Every structure is written in C-alpha cells, then in structure tokens.
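A structural walkthrough
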Amino acid sequence: AEKMHALPEDIRRRIENHPCYSEEAHHHFARMHVAVAPACNIQCHYCNRKYDCANESRPGVVSELLTPEQAVKKTLVVAAAIPQLSVLGIAGPGDPLANPERTFATFRLLAEKAPDIKLCVSTNGLALPQYVEELARHNIDHVTITINCIDPDVGAQIYPWIFWRNKRVRGRAAAEILIEQQQKGLEMLVAKGVLVKVNSVMIPGVNDEHLKEVSKVVKAKGAFLHNVMPLIAAAEHGTFYGLMGQRSPTPEELKALQDACEGEMNMMRHCRQCRADAVGLLGEDRGAEFTMDKVEAME
Ligand code: SF4
Ligand code: SF4
C-alpha cells in the first residue's frame, strides 16, 4: 500500500478528495481529463504522435480533441451525471503547456462555470517556468511533471530533440535544457505552494537505476509524490523505444524500483495511466458515454 500516512497533515488535507493522490479517495471521487492540447514541444523516443502523450497516459490511445468551449460543455454535463466528480485535468493529447492559449482558456472558463472542481495539469516541463505565475493565478493546485532523468547523458537517450526558442535542439544539449527547465519549474511551483507530483517512465537499461537518484532529488526539492510508471512497449500500440526496440519492465522490476524509491519518497502505486479524455472513478473509464456528439445531445 502507499505510504500516504507519511505525508504532512496539510498536504493530506489538500489531497483528500483527489482520486489520484489518495488511496481511499479513488473509490469515492471521480476525475476527468479533457483533451484540449494537441501540440508538443519535445520528442520522447517512446512517443508516437498519432496517440496521446505517453508521459501521462496509456499508449496507443487516441482521444477526441476538444476546443476549450467544448471541454467546458463536456465538464458540466459530466459533473451533472457524475456527482463525485472532484478533479478536472488537462493531460494531452500533447503537452498542455505547449498549447497555452487552449489550456488556459479552458481553465479560465472552468473556474467561472464550475468553481468547485479542482484543476490539475501535467507537463513535460520544458515550458513550465514561464507559466508558473499563470498556473498559480488560475488556482491550479496540482501539477504533474514528467521527469525521466536529471543527467543529460541519460536524457540524450530518451529525448532525440526539443523545440526551444524557435529552434530544434538535439542530443545532449536538448536534454540539458529540458532538465534545467523541469528542475526550475519544480522549484518555482513548490515556492508558490503548488502541489507537485513527479511522473517517471521506467525504461529498462536506460533510466531504471538512475530513477532512484531522480526520486531523491525531486523529494529534496519538495515534490510530494513520485509515480514511477512502466514504459509500455508494444509496436501495435505505437509505442516502442525508438530504434533501440526497448522492452517494457516486468511487473517485478517495476515493483522493485518503486520499493527502492519508497525509502526516499511517497510513491504512487495506483496510477492507471489514464487516457487524455478519461472520465469517471479511477479504474473505470466512462469516456465513451461522453463523446462530444453525445454531450451535445444531452444538453
Ligand atoms: Fe509524446 Fe508526451 Fe513526450 Fe510530447 S511529452 S513527445 S506528447 S510522450
Ligand atoms: Fe490519476 Fe494517473 Fe489517471 Fe492521471 S493518469 S488521472 S494521475 S490515475
């Protein structure tokens, strides 16, 4: 079980109705993701752009892309149908902060029309420092950053390129910039009192050993939860590790790494790697009941 009891009381209180962060809450509270963010500003080797962001969601899934207005409409319909809805997240299908207009328009409209729903967002972190102010202003109290490494030599094996200041940057230099932005963004969010969860994708032979170090560092900087997820490598899901054909970790390998990190950090163990348009309690996905055509018909 997760060692949530190790969390300080004030953080526990802030996450008690968040299904992703509290083992108990995930039976009673529902979350939904709205897929409003199509673009991405980096390339992860394990990502196939035809599908949702593989940092936050299950590979091989294509979510229905919504405009901010459609996303809000859908949220209101879902909130009426599922009263346990407590959290709305933007997690893709690309990187939410690589689509700042669409992402913040959605948050702005939601804060107006559904002020009781908590907002969260996930990001690869590249654009994070420049949006920390705006995130705090929109009262986003949970941010997830995917941090797969803190060493640019490891990063160079995970990220072939990033798009940075209107240029494509490749290799080690790209990883160096990404890592710096992620760490800076993490520190800035913590300084603002925003809760930060860190996601890491475990890639055997690439960052598996290294993730213990990542766990130590992000904990020291104030992340409250670490979620180590397995690389899901399956060609038919569109996810394979670049040309290296990297395999997925076995469940035993994943558990061993999560256990090894546990001494350092609260580990999240019930993440379901949900779709960018997931709806409902964790472990159930009612997204198919709320496609946009159905939402329009329900209104
Ligand atoms: Fe794909 Fe997400 Fe990586 Fe962007 S951040 S390349 S969408 S896995
Ligand atoms: Fe929660 Fe993980 Fe699903 Fe995100 S992907 S909604 S953190 S269970």
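How each quantity is defined
Residues numbered from 1 in each chain as written. Chains lettered and ligands numbered in written order. Predicted model: local features only at pLDDT ≥ 70, side-chain atom pairs only at ≥ 80, totals over all residues. Heavy atoms only, no water. Pairing = 2+ DSSP bridges. Helix = DSSP H or I, 4+ residues; strand = E, 2+ residues; numbered from the N terminus. Contact = heavy atoms within 4.5 Å. Axes fitted to C-alpha atoms, helices over the stretch in contact; angles between N-to-C directions. Buried < 20%, exposed > 50% of the residue type's maximum accessible area, 1.4 Å probe, protein only. Right-handed = clockwise from strand over helix to strand, strands pointing away. Salt bridge = Lys/Arg side-chain N within 4 Å of Asp/Glu carboxyl O.

Reading across from one edge, β9-β8-β5-β4-β3-β1-β10 is the order of the seven strands in this open sheet, with mixed pairing throughout. Strand pairing shows two members of the sheet lacking a second neighbour, β9 (225-230) and β10 (279-280), which therefore form its edges. Strand direction decides the pairing type here: strand β5 (residues 142-146) and strand β8 (residues 195-202), joined by five bridges, are parallel. The residue bridging Thr146 from the neighbouring strand is Asn199, located in β8. Seen against the sheet, helix α3 (residues 100-113) touches β3 (85-90) and β4 (118-123) and runs at an angle of roughly 170 degrees to β4. Packed on one face of the sheet, helix α7 (residues 211-220) meets β8 and β9 and runs near 175 degrees to β8.

Attention now moves to the environment of Val295. Structurally, Val295 is set in helix α9 (residues 292-298). Val295 sits in the buried class, given a relative accessible area of 0%. It is 6.0 Å that separates the C-alpha atoms of Val295 and Lys74, two residues lying 221 residues apart in sequence. The residues contacting Val295, other than those within four sequence positions of it, are Lys73, Lys74, Val77 and Phe290.

A word on unusual backbone geometry. Although it is not a glycine, Arg165 sits at a positive phi angle of roughly 50 degrees. Relative to the helices and strands, Arg165 resides in the loop between β6 (161-164) and β7 (167-170). In this structure, Asn166 takes a positive phi of about 65 degrees despite not being glycine. Locating Asn166 in the fold gives a position in the loop between β6 and β7.

Counting buried residues in β5 gives five out of five residues, a clear majority hidden from the surface. Bridge count for β4 against β5 is four bridges, and the pairing is parallel. Paired with Val121 across the strands is Val143, a residue of β5. A crossover links β4 with its parallel partner β5, the connecting element being helix α4 (residues 128-137), and its sense is right-handed.

What follows deals with the pattern of salt bridges. Taken as a whole and judged by the stated rule, the model has eight salt bridges. Linking Glu296 and Lys73 is a salt bridge whose minimum nitrogen-to-oxygen distance equals 3.2 Å. Taken together, the residues span a long stretch of sequence, with Glu296 in helix α9 and Lys73 in helix α2 (residues 68-81) at a distance of 223 residues. With a relative accessible area of 29%, Lys73 lands in the partly exposed category. The partner of Glu187 in a salt bridge is Lys221, and the shortest N-O contact between them spans 2.9 Å. A residue pair is termed long-range when its members are at least 10 positions apart, and Glu187 in helix α6 (residues 171-191) and Lys221 in the loop between α7 and β9 qualify at 34 residues. Given a relative accessible area of 38%, Glu187 falls into the partly exposed group. Salt bridges sharing partners connect three or more residues here, namely Asp153, Arg172 and Glu176.

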